[in-house]
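# Structural description and commentary
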Amino acid sequence: MSAIVEDRETAKARNRAEFPKVAAIMDECRAAFGPDVKMAHVVEGGRELGKPIDDAGLVRCTQLAPPSARCERFRVQAAKVFAQKFYRAPRASGDGDWCVFYSEYAAQHWPAFSGGDT
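Every value quoted in this text rests on a predicted model; they were computed, and no experiment measured them.

Before going further, it helps to examine the pairing of strand 2 (residues 47–50). Pairing of strand 1 (residues 41–44) with strand 2, which is carried by four bridges, proceeds in the antiparallel orientation. For V42, the partnering residue across the bridge sits in strand 2 and is L49. Between strand 1 and strand 2, which pair antiparallel one after the other, the connecting turn spans two residues, and G45 there sits at a positive phi close to 60°.

Here it is, written out as structure tokens:
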């Protein structure tokens, strides 16, 4: 095993120990949405990890991995609902309204869309 992999594994173990509640939530999110789910920013027990959130309470959306075909179909469906609600399409990046909407929409609609298959 390389030193880089060992360092990543050590960092992962340390983060899980320092942020146990966040680790439990992330485990649930990854079980529901796949292994590419990433945490942008977290504060637990006075410790902080990740990118700070801006004054509006938002973090810039960034795509971290190519979506699966099923995730892409779900995103397209969500974008249609977003357009009906906001009278515009989601912007390509940094759209706080889309980030909040998509997060809430996914939490509410992913289980039915995926047929319970996570």
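Here the narrative resumes.
Attention shifts here to unusual backbone geometry. Even without glycine at this site, Y87 takes up a positive phi of about 60°. Here Y87 is to be found in the loop between helix 3 (69–86) and helix 4 (96–113).

A residue-level look at the protein chain finds 76% of positions with pLDDT of 70 or above and a mean pLDDT of 77. Looking across the protein chain, the model is least confident in strand 1, with a mean pLDDT of 76, and most confident in helix 3, with 89.

By the element assignment, D97 lies in helix 4. Residue D97 is classed as partly exposed on the basis of its relative accessible area, which comes to 38%. In this structure the C-alpha to C-alpha distance between D97 and F82, which are 15 residues apart in sequence, comes to 9.1 Å. What D97 contacts, discounting residues up to four positions off in sequence, is F82, F86 and R88. For D97, the side chain forms a polar contact with the side chain of R88, separated by 3.1 Å.

Their axes nearest at 10 Å, the elements helix 3 and helix 4 cross at an angle of 125°. Relative to helix 4, helix 3 is oriented oblique. Two packed elements cross with a definite hand, and for helix 3 against helix 4 that hand is right-handed. Taking contact as the criterion, the partners of R70, C71, R73, F74, R75, Q77, A78, A79, V81, F82, K85 and F86 in helix 3 are, on helix 4, D97, W98, F101, Y102, Y105, A106, H109, W110 and F113. Residue composition of the contact of helix 3 with helix 4, grouped by class: 14 nonpolar, two polar and five charged.

About the criteria used
Residues numbered from 1 in each chain as written. Predicted model: local features only at pLDDT ≥ 70, side-chain atom pairs only at ≥ 80, totals over all residues. Heavy atoms only, no water. Pairing = 2+ DSSP bridges. Helix = DSSP H or I, 4+ residues; strand = E, 2+ residues; numbered from the N terminus. pLDDT = per-residue confidence, 0-100. Buried < 20%, exposed > 50% of the residue type's maximum accessible area, 1.4 Å probe, protein only. Contact = heavy atoms within 4.5 Å. Polar contact = N/O pair within 3.5 Å; in protein donor to acceptor, adjacent residues only side chain to side chain. Axes fitted to C-alpha atoms, helices over the stretch in contact; angles between N-to-C directions. Parallel < 35°, antiparallel > 145°, perpendicular 65-115°, else oblique. Left-handed = near helix turned anticlockwise from the far one by under 90°. Nonpolar A, V, L, I, M, F, W, Y, C, P; charged D, E, K, R; others polar.

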